[in-house]
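Summary of the model geometry
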Amino acid sequence: MVFHSPTEIFAKSGKTSNYKAGLTTLNLVLRGFLAGAFLAIGGTLATVCSTGIVAGASAIKDAPQLAFGVSGAGFGQLIMGAVFPVGIIVIVLTGAELFAGDAMLTPIAAFTRRIAWKQILNLWIWIYIGNLIGSVVFAYFCANGPFVSFGINASTGAATATVTSFGTRAIAIAAAKTGYVGLMGLYSAFLKGIVGNWLVSLAILLGMCADDVAGKFFGIWFPVMALVSGGFEYSVANMYFIPAGIMTAGVTNTTTTANWVNLWTANLIPVTLGNIVGGVVFAGVIYWFAFKKEIEALK
């Protein structure tokens, strides 16, 4: 397995960001769309595979990791964390664009004067929009597919939709993820967002360390597993989890506290800000200054 040094990785990331800055708006949105959909695949697996371990989520106000049954909360989180990374692995291997990952990579290009901060902001906006569209579209598929059972009411002959056990789980996750209330709740979401994208950024960097598929797989899998199992927050994942629960509840007329307003106010806004800080500061700025001399020598 070929292994690239940290200096080589950051120098490479600067060149990659320069290439991304030359992409058209449509191309950025399309690549972002694919990344949002691919990450939603991992979210669907996490939802389905953790169904049955869960005892309930109504009392959980400060975390998306819900209340687990007799198997234990740790085991339930491990199951979610073990399957979720498939989405980011597919994204890295196929060249799709992930907002939070670019929050770490593109500033390095600015530090090396390869692109301007105005170009970085443009990248972030269009990739974020693409991620959101792809996530919501895939959430729609799930809310009208495996999360719902369609049938005919025997007494009325009318078509009916009932929530499946997977759908119940999806609704519970959405409710838990929009349970951040008050300043301290939002602050908690912000802090979890910092660590969440710090881990995703490390996964992207480790994926860049190796040239072969096996090396990329394991490099990405462990940090992302730590993200989900540790209960941290990641904005693009939440673009799927919360809409999936909202739409499933809407199709089946199930009561839920999650809605399209608190999707933003109680999750995406503070989590996205935390993701930016985690990617730019903890995985970008710190590493840039730590390896500045070596990186500049490779330019």
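**Describing the overall build of the chain**
- Looking only at helices and strands, the chain features 12 helices and four strands.
- Scored against the burial criterion, the 299 residues of the chain give a buried share of 51%.
- Residue pairs in contact within the chain that sit at least 24 positions apart in sequence constitute 79% of those at least 6 positions apart.
- Counting only carbon and sulfur atoms, one obtains 71% of the accessible surface of the chain, whose full area is about 12,600 Å².

**Looking at the side chain of Ser201**
- Relative to the elements of secondary structure, Ser201 occurs in helix α8 (residues 182–209).
- Every residue in contact with Ser201, bar those within four places of it in the chain, is listed here: Ala100, Met104, Gly279 and Ala283.

**Topic: the packing of aromatic side chains**
- For the structure on display, the rule yields 10 aromatic pairs.
- Centre to centre, the rings of Trp198 and Phe282 are 4.7 Å apart; their planes meet at 35 degrees, and the pair counts as tilted. With a gap of 84 residues between them, Trp198 in helix α8 and Phe282 in helix α11 (residues 262–290) connect regions that are remote in the sequence.
- Trp198 sits in the partly exposed class, given a relative accessible area of 32%.
- Phe282 sits in the partly exposed class, given a relative accessible area of 26%.
- In textbook terms, an aromatic cluster arises when at least three aromatic residues are bridged by ring pairs, as seen for Phe84, Phe138, Tyr140, Phe141, Tyr240 and Phe241.

**Section: the side chain of Asn197**
- Residue position: Asn197 is located in helix α8.
- For Asn197, a relative accessible area of 0% translates into the label buried.
- One polar contact links the side chain of Asn197 to the main-chain carbonyl oxygen of Asn275, over a distance of 2.7 Å.
- Setting aside its immediate chain neighbours within four residues, Asn197 contacts Ala100, Gly101, Ala103, Glu233, Tyr234, Asn275, Gly278 and Gly279.

**A short note on the nonpolar core**
- Residues Leu39, Phe84, Ile88, Leu98, Tyr234 and Tyr240 are the most contacted members of the largest nonpolar core, which totals 63 residues.
- Looking at which element gives the most residues to this core, the answer is helix α10 (residues 235–252), with nine residues.
- Other than its neighbours up to four places away in sequence, Leu98 contacts Ala35, Leu39, Ile88, Ile91, Ile127, Asn131, Val200, Tyr234 and Val236.

**Considering the packing of helix α2 (residues 25–49) against α10**
- It is at 9 Å that the axes of α2 and α10 come closest, and there the two elements cross at 60 degrees. Judged by the inter-axis angle, α2 sits oblique to α10. Between α2 and α10 lies a crossing of right-handed hand. The residues of α10 that touch α2, namely those facing Gly36, Leu39, Ala40, Gly43, Thr44, Ala46 and Thr47, are Val236, Ala237, Tyr240 and Phe241.
- Tallied by class, the residues present in the contact of α2 with α10 amount to seven nonpolar, four polar and no charged.

**Details of unusual backbone geometry**
- One non-glycine residue with positive phi stands out, namely Asn253, at about 55 degrees.
- Along the chain, the position of Asn253 falls in the loop between α10 and α11.

**Concerning the pattern of salt bridges**
- One pass over the structure, following the stated rule, counts one salt bridge.
- Here Lys177 makes a salt bridge to Glu233, at a shortest N to O gap of 3.1 Å. Pair noted here: Lys177 is in helix α7 (residues 165–177) and Glu233 is in the loop between α9 (213–229) and α10, with a separation of 56 residues, a long-range link.
- For Lys177, a relative accessible area of 5% puts it in the buried group.

**Side note on the environment of Thr24**
- Relative to the elements of secondary structure, Thr24 occurs in the loop between α1 (6–21) and α2.
- Separated by 99 residues in sequence, Thr24 and Leu123 place their C-alpha atoms 9.7 Å apart.

**Describing the packing of helix α5 (residues 99–111) against α8**
- In contact at an axis separation of 9 Å, α5 and α8 are set at 70 degrees when each is read in the N-to-C sense. The angle between the axes of α5 and α8 places the two elements in the roughly perpendicular class. Contact with α5, carried on its side by Ala100, Gly101, Ala103, Met104 and Leu105, involves Asn197, Ser201, Ile204, Leu205 and Met208 of α8 and no other residues of that element.
- Class assignment of the residues belonging to the contact of α5 with α8 gives a composition of seven nonpolar, three polar and no charged.

About the cut-offs
Residues numbered from 1 in each chain as written. Predicted model: local features only at pLDDT ≥ 70, side-chain atom pairs only at ≥ 80, totals over all residues. Heavy atoms only, no water. Helix = DSSP H or I, 4+ residues; strand = E, 2+ residues; numbered from the N terminus. Buried < 20%, exposed > 50% of the residue type's maximum accessible area, 1.4 Å probe, protein only. Contact = heavy atoms within 4.5 Å. Areas by Shrake-Rupley, 256 points an atom, 1.4 Å probe, with all protein chains shown as cover. Phe/Tyr/Trp six-rings, centres within 6.5 Å; stacked < 30°, edge-to-face > 60°. Polar contact = N/O pair within 3.5 Å; in protein donor to acceptor, adjacent residues only side chain to side chain. Core = buried A, V, L, I, M, F, W, Y, C linked by side-chain atoms within 4.5 Å. Axes fitted to C-alpha atoms, helices over the stretch in contact; angles between N-to-C directions. Parallel < 35°, antiparallel > 145°, perpendicular 65-115°, else oblique. Left-handed = near helix turned anticlockwise from the far one by under 90°. Nonpolar A, V, L, I, M, F, W, Y, C, P; charged D, E, K, R; others polar. Salt bridge = Lys/Arg side-chain N within 4 Å of Asp/Glu carboxyl O.

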